[in-house]
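Survey of secondary and tertiary structure
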Amino acid sequence: MRTTEKPAVNAAGFSGPASRKLPVPPRERKPALAALAVLLILGGALATTLLVMRSGDRISAIRVTQQIGAGQPFTAQAIEEVQIADTGIDYVSWSQRQQVLQSFAAVTILPGTLLTSNMGVKASDELGPGKAKVGLALKPGQAPAGLKEGDRVQVVHVPGRTSQAESKVLAQSALVFRVGEPSRTGSSGLITVIVDSSVSPEVLRYASSGEIAVAELPGAR
């Protein structure tokens, strides 16, 4: 009896067009981009390392704790020592505090300010020749509330009610050197201002009779 032979089956599957994969083009390597990526990673790591190392460098600096007006001397009560990161800014070191206490503020310095060398001067123009310190005992209404050391004021002669004279400015921009506490007698307190020595006798004469008032100049420092 004759047996019909079956065609052999391809073990690998169909060999027709459907079983053939399309050729994949080889990937194009870009060594320049790869090198740039490596450099960026290394640069970022280096910058982070420098920041961490730099943040550990601390220096001792001087911070102002009270407002110091232009021309006023630095006092021990108005400064304190703080530890800050070394940022490269020329802050005055706490070790130089004795020199600071022998100098004067070149500008009005607000509380919380870190002191730099250009904020102080050896001699004050406000306290130099041709200037005079004048004490004024002011009544309520003769001075604005919240007056502080370092403020600028106009010193004005305010005649009494029975006088026919008009008010006049005696000092256009006087520096407030000291501010005392209000007294229990109703006085606004004693303030000390610096004026030209040429007008100080007139200021004192009117101050003795209670005919002096001061007006703050907020924009002048």
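Provided above is the structure to which this section pertains.
Residues numbered from 1 in each chain as written. Predicted model: local features only at pLDDT ≥ 70, side-chain atom pairs only at ≥ 80, totals over all residues. Heavy atoms only, no water.

Remarks on the sheet that holds strand β8 (residues 189–196)
For clarity, the threshold we go by: Strands qualify as paired when DSSP identifies two bridges or more between them. The helix and strand labels rest on DSSP assignments: H or I over at least four residues marks a helix, E over at least two residues marks a strand, and numbering proceeds from the N terminus. Axis definition: a line fit to C-alpha positions, over the contact stretch in the case of helices; interaxial angles, taken between N-to-C directions, run 0 to 180 degrees. When checking whether two residues touch, look at their non-hydrogen atoms; a contact exists if any pair is within 4.5 Å.
In space, the five strands of this open sheet follow the order β5-β8-β7-β6-β9, with antiparallel pairing throughout. With partners counted over all chains shown, the strands left at the sheet margins are β5 (131–138) and β9 (212–216), one partner each. For this sheet, the mean angle separating the axes of adjacent strands, direction not counted, is 40°. Two strands pair when backbone bridges link them, and strand β7 (residues 168–179) and β8 are joined in this way by four bridges, in the antiparallel orientation. Of the residues in β8, the one forming a bridge with V176 is V193. Here helix α3 (residues 200–208) sits on the sheet in contact with β5, β6 (152–157), β7, β8 and β9, set at roughly 10° to β5.

Observations concerning the environment of D196
The condition that has to hold: Think of it in three bands: with a 1.4 Å probe and only protein chains considered, a residue is buried below 20% of the maximum accessible area for its type, exposed above 50%, and partly exposed in between.
Along the chain, D196 turns up in strand β8. Taking relative accessible area as the criterion, D196 reaches 38% and is therefore assigned partly exposed. For the pair D196 and K131, spaced 65 residues apart in sequence, the C-alpha separation works out to 4.6 Å. For D196, the contacting residues outside a window of four places in its chain are G130 and K131.

Details of the pattern of salt bridges
Quick note on the threshold: A pairing counts as a salt bridge when a side-chain nitrogen of Lys or Arg comes within 4 Å of a carboxyl oxygen of Asp or Glu.
Considering all chains together, one arrives at four salt bridges under this definition. Here R63 and E80 are joined by a salt bridge, their closest N and O atoms 2.7 Å apart. Of this pair, R63 sits in strand β1 (residues 58–64) while E80 sits in strand β2 (residues 79–85); the two residues are 17 residues apart in sequence, bridging distant segments of the chain. The partly exposed category is assigned to E80, whose relative accessible area is 30%. Across the pair R178 and E149 runs a salt bridge, and its minimum N-O distance is 4.0 Å. In this pair, R178 sits in strand β7 while E149 sits in the loop between β5 and β6, placing the two residues 29 residues apart along the sequence. On the basis of relative accessible area, R178 is assigned to the partly exposed category, the value being 34%. For E149, a relative accessible area of 24% puts it in the partly exposed group.

Some points on the environment of K148
Note on placement: K148 falls in the loop between β5 and β6. Given the relative accessible area of 37%, K148 is considered partly exposed. Distance from K148 to Q67, taken between C-alpha atoms, is 8.1 Å for residues 81 residues apart in sequence.

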